[in-house]
Amino acid sequence: MTNTKRQVVRRVLGMALGFGCFLSVAGCDYWPPALHAQLEELRSEMDTLNMEKTQLQSQVNDLSMARQDLQLRFDELSRVNREKTEVIAGMQRRLEASRGKGSKVLALGKAPAKAKTNLSATSLVKKKPVVKR
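Residue numbers restart at each chain and count upward from 1, following the sequence in its written direction. The predicted origin of the model limits local features to residues at a pLDDT of at least 70 and limits the giving and counting of side-chain atom pairs to 80 or more, whereas totals for whole chains, interfaces and linings rest on all residues. Remark: hydrogens and water are excluded; side-chain values derive from all non-hydrogen atoms of the structure.

Caption draft 1: The arrangement of the overall build of the protein in detail. Secondary structure counts use DSSP, requiring at least four H or I residues in a row for a helix and at least two E residues in a row for a strand, with both numbered from the N terminus. A tally of helices and strands in the protein yields four helices and zero strands. In sequence order, the secondary structure elements of the protein are arranged as α-α-α-α. Looking at the protein residue by residue over its 133 residues, the buried ones come to 1%. To measure how exposed things are, a 1.4 Å probe is used in the Shrake-Rupley method; for residues, cover is taken only from the protein chains shown. Looking at the protein as shown, the accessible area adds up to about 13,300 Å², and 63% of this sits on carbon and sulfur atoms. Working definition: with a 1.4 Å probe on protein chains only, accessible area under 20% of the residue-type maximum means buried, over 50% means exposed, and in between means partly exposed.

This is the structure in structure tokens:
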């Protein structure tokens, strides 16, 4: 190649490189319409998903509060149930004890004698029933 051809090739490459650098610095503002449509669609989907996320988070918070309330009620009812179970067990023990005493008394024959000695003359008189009007 001759000097002139080399100079021309260098000039063309230099101009192409300079134009490429100019475009990279200046930027290209051309966006195809299809790309704009896709971006808008993605933005609308993102807004919809954010709104749904907010609603679901609100529901989660409400359900969490309801769960805490139910847990408190459950704990309270469990406590009351334990107390009632203890009361019932105590009553059953007293009933068994009184049945045991009653059977001992009947076996010894003392129950009828005690019943007759405790009666007084005033308790033998029949009282008239009260009539409500």
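Now, onward.
Caption draft 2: Quick look at the pattern of salt bridges. For this document, the term salt bridge refers to a Lys or Arg side-chain nitrogen within 4 Å of an Asp or Glu carboxyl oxygen. Enumeration according to the criterion identifies four salt bridges in this entry. Residue Glu-96 is joined to Arg-99 by a salt bridge in which the shortest nitrogen-to-oxygen separation is 3.6 Å. Note that Glu-96 and Arg-99 are positioned in helix H2 (residues 33-108) at a spacing of three residues, about one turn of the helix. In the salt-bridge network here, residues are joined through shared partners; they are Glu-76, Arg-79 and Glu-83.

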